[in-house]
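Topology and contacts: notes
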Amino acid sequence: HISTAVSRPTRGGGTLVGWRITGMLQRKRRNKAPPNSPGGGWLSADVDIVVNELCSAGNRSQVQCMYCLDAVVFRPPVGWISMNAVNHDSLGETVQLAYELFRARTVIFLTVPLNNNMGPADVGGNWTALNDRIRSYTRNYRPHGPDSVQIVYFGDFAALTHDIALHNAAIMGYSEADAFRIQVEGPKGLKSFAATVCGEQPSFQQGSNKCKHNWVSLDGMHWCPQSVAGRLAMGISCLLQCATTKKGGAESLDKELDCSVPLDTNTIRYKSKHICQDRCNVEFFSLSSKSCFNNQLLDRKRDERR
């Protein structure tokens, strides 16, 4: 449960920072109890560690270090906080502090994935509304002048886990309605959707509500890296590339892309950076048939069966 970790240099000479907090990034949580305590506390000392590593030329202060982090990727820690705690105000304060503390120019919010803090009523209810708030905030964000975060995107982790659950449910013989209705008992007595943790339908005989596990999620909270890590990394990388692409143009999601040409946000011309964002979400944060990446995987599996 270490709060802060810094890795440098990465391949290409960059720096990667991991910073764990149990709430939205807010001023009122400064110097409160850090993880693994609830409440979203974070320490100024942890910020100093990061800034000193990033701005290691001499003893420059945080103010003198003009561009410390190019981007901040933030996943709201729902489970530690309520779904309602993720709102326009808390998202806005997180963005403001990302600039004030680290001089970040881009912030990427990950939508909140399916997890075992949810029940059937939340799908289509609170969980859907929560992620719609994140999507809406990013689409409507405008910079507050040059001394602020310039770009805010979302990576649709929620949509990816939703699609994976539906796909797994179909394999087990469940309908779409049952995918987010049937739950089984997981670790610590927490209930999880069978569509996220089961490899086959639970029998529910003799009072049992457990099942044979799959490689998607062990407990309904933590997603297996074999299943999602590649897409998560590629999706974030794609969004980061969107943020650094300065070309304009007339590419649209409605226009079918040539899947024989690798997706490259430096060569595809966009009239809006949010179109670039949407392309990344379709390609990597979904199982959509519109995705060239998904179609290439299906073609490869067909070839393997022959």
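The rules behind the values
Residues numbered from 1 in each chain as written. Predicted model: local features only at pLDDT ≥ 70, side-chain atom pairs only at ≥ 80, totals over all residues. Heavy atoms only, no water. Core = buried A, V, L, I, M, F, W, Y, C linked by side-chain atoms within 4.5 Å. Buried < 20%, exposed > 50% of the residue type's maximum accessible area, 1.4 Å probe, protein only. Contact = heavy atoms within 4.5 Å. Disulfide = S-S within 2.5 Å. Helix = DSSP H or I, 4+ residues; strand = E, 2+ residues; numbered from the N terminus. Pairing = 2+ DSSP bridges. Axes fitted to C-alpha atoms, helices over the stretch in contact; angles between N-to-C directions. Salt bridge = Lys/Arg side-chain N within 4 Å of Asp/Glu carboxyl O. Expected span 1.5 Å × (residues − 1).

Comments concerning the nonpolar core
Grouped together as the largest cluster of nonpolar side chains are 73 residues, with contacts concentrated most on Phe109, Leu114 and Trp127. Excluding anything up to four places from it in sequence, Leu114 contacts Val123, Trp127, Thr161, His162, Ala165, Phe180, Phe193, Thr196, Gly220 and Trp223.

Some details on the state of the cysteines
A full pass over the atoms with the stated rule returns three disulfides. Across a sulfur-sulfur distance of 2.0 Å, Cys242 and Cys276 are joined as a disulfide pair. What sets the handedness of the Cys242 and Cys276 disulfide is the S-S torsion sign, and at about -85 degrees it is left-handed. With Cys242 in helix H7 (residues 225-244) and Cys276 in helix H8 (residues 273-284), this residue pair connects regions lying 34 residues apart in the sequence.

What about the sheet that holds strand S5 (residues 151-155)?
Read from one edge to the other, the open sheet built from three strands follows the order S3-S4-S5, with strand pairing classed as parallel. Of all the strands in the sheet, the pair left with one neighbour each is strand S3 (71-74) and S5. The sheet shows a mean angle of 20 degrees between the axes of neighbouring strands, direction not considered. Summarising the sheet, strand S4 (residues 106-110) and S5 pair through five bridges and their orientation is parallel. When the bridges of S5 are listed, Ile108 appears paired with Tyr153.

A short note on the pattern of salt bridges
Summed over all chains, the structure comprises seven salt bridges. Of the charged contacts in the structure, one is a salt bridge between Arg27 and Glu93, with a shortest N-O distance of 3.3 Å. Of the two residues, Arg27 sits in the loop between strand S2 (16-19) and helix H1 (44-54) while Glu93 sits in helix H2 (residues 88-102), which places them 66 residues apart along the sequence. Accessibility expressed as a relative area gives 18% for Glu93, which makes it buried.

Overview of H8
The end-to-end C-alpha distance of H8, which contains 12 residues, comes to 17 Å, matching closely the 16 Å that a straight helix rising 1.5 Å per residue would cover. Here H8 lies mainly inside the structure; 10 of its 12 residues are buried. Of the residues making up H8, those classed as buried are Ile275, Cys276, Gln277, Asp278, Arg279, Cys280, Asn281, Val282, Glu283 and Phe284.

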